[in-house]
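# An overview of the molecular structure
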Amino acid sequence: MPVPPLGLVMVGDMGGGTTDVSLVLYERLFACEMFREVVVKGDGNLGGNDFDSVLRELVAEKLTAAGYEYDKNARIDVEVMKCELGRLDSCSIGVLVGNSLVNVAVSRVEFHDRCQSLIERVRGLVRDAVAAIPQPSSSEDPDDDDDDDDDDLDEIDSKRPKLNHSTARVTDVVMCGGSSALLLFQDTMKQEAEKLDANVITMKDYQNAIAIGASIHAMNLYGPGAGSTIATQVSTQHLYLR
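Here the structure is a predicted model, which is why all the values come from computation and not from measurement. (Residues numbered from 1 in each chain as written. Predicted model: local features only at pLDDT ≥ 70, side-chain atom pairs only at ≥ 80, totals over all residues. Heavy atoms only, no water.)

The subject of this paragraph is the overall build of the protein chain. Check the secondary structure of the protein chain and you find eight helices and eight strands. Among the 242 residues that make up the protein chain, the fraction classed as buried is 39%. Carbon together with sulfur atoms contributes 48% to the accessible area of the protein chain, which is approximately 13500 Å² in total. (Helix = DSSP H or I, 4+ residues; strand = E, 2+ residues; numbered from the N terminus. Buried < 20%, exposed > 50% of the residue type's maximum accessible area, 1.4 Å probe, protein only. Areas by Shrake-Rupley, 256 points an atom, 1.4 Å probe, with all protein chains shown as cover.)

Put into structure tokens, the structure is as follows:
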């Protein structure tokens, strides 16, 4: 199957406190495979911790409704419960109230309903990222944000396919980040991928994906052979796979 010369990969990265949706351009130039970030939309106040807070508030409300005096601001470790609600219809957590251990049950439906506003923010990032794909321009390269007199770079830019709505579409959706294991996040990204007619790529090591990518990039820049190939000469913002 021939590899297309141009494609977009959407990367959904949800960490503990932030969420980013990026569009990474895939190009084949001079027999090299290049990945270049062209769009980034992020929310610095949206992450796995926000889903924890929702679940924590739900548990506190149930305790109050059952007649227990409980501080809603108290920290309840709901991480395991959050993960379990990804595979179970309901889950219980033991909460120490005074000298008593009280079991509180939360259903998946209850949790998901409470998280809809957070999910809509994720969908908004996806929509904003797609809408930000550069428009075609006849006078200039929409991806050229700086002036560089390097002849090698000019040659590469002249051969680079132009990115616009008519020549590129999102072909794949990848999820990474420590909180991307959250079922709600996965389902949301899969639904958005279906709207875009894109494939969903499941990463086995999603929690370490960012660190692995940074390590590959560092190796290209400063490792053995750095500066001797296109892979390390083009730009510090480009990531090549040899």
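To continue, consider the nonpolar core. Ranked by size, the top nonpolar core spans 45 residues in total, and within it F51, V59, V95 and F111 carry the most contacts. When residues of this core are traced back to their parent elements, those giving at least two are β1 (6–14), β2 (19–29), α1 (48–65), β4 (90–97), β5 (100–107), α4 (116–131), β6 (170–176) and α6 (183–195). By residue number, the principal contributor to this core is α1, which donates seven residues. The residues touching F111, leaving out its near neighbours within four places in the chain, are F51, V54, L55, L58, K82, L85, V106, L182 and L184. (Core = buried A, V, L, I, M, F, W, Y, C linked by side-chain atoms within 4.5 Å. Contact = heavy atoms within 4.5 Å.)

This part covers the environment of Q207. Secondary-structure assignment places Q207 in the loop between β7 (199–201) and α7 (209–222). Here Q207 falls in the exposed class, since its relative accessible area comes to 53%. Sequence separation between Q207 and G15 is 192 residues; the distance between their C-alpha atoms is 8.9 Å.

Moving on, we get to α1. Over its 18 residues, α1 extends 26 Å from the first C-alpha to the last, a length consistent with the 26 Å expected when each residue adds 1.5 Å. Note on α1: the residue one or two positions beyond its end, G67, has a positive phi of about 95°. (Expected span 1.5 Å × (residues − 1).)

Applying the stated criterion across every chain yields a total of nine salt bridges. One salt bridge in this structure joins E84 and R87, with 2.7 Å as the shortest N-O distance. Between E192 and K195 there is a salt bridge whose closest N-O contact spans 3.1 Å. Pair noted here: E192 and K195 are both in helix α6, with a separation of three residues, about one helical turn. When its relative accessible area of 5% is taken as the criterion, E192 is described as buried. For K195, a relative accessible area of 61% corresponds to the exposed category. Look at the salt bridges and you will find they share partners, linking E120, R123, E192 and K195 into a network. (Salt bridge = Lys/Arg side-chain N within 4 Å of Asp/Glu carboxyl O.)

Right, let's get into α4. A rise of 1.5 Å per residue sets the reference length of α4, with its 16 residues, at 22 Å; its end C-alpha atoms lie 22 Å apart and thus fit the reference within 8%. Within the span of α4, buried status applies to L118, I119, V122, R123, G124, L125, V126 and A129.

Quick look at the pairing of β5 now. By the bridge criterion, eight bridges tie β4 to β5 in an arrangement that is antiparallel. Bridge pairing in β5 links C91 to V106. Once β4 ends, the chain turns through two residues before running back antiparallel as β5, passing G98 with a positive phi of about 65°. (Pairing = 2+ DSSP bridges.)

Another point: the side chain of T188. Residue position: T188 is located in helix α6. In contact with T188, not counting residues within four places along its chain, are I119, V122 and R123.

As a further point, take the side chain of D52. Secondary-structure assignment places D52 in helix α1. At 2.9 Å, the side chain of D52 and the side chain of K82 are in polar contact. When neighbours within four sequence positions are excluded, D52 is seen to be in contact with V78, E79 and K82. (Polar contact = N/O pair within 3.5 Å; in protein donor to acceptor, adjacent residues only side chain to side chain.)

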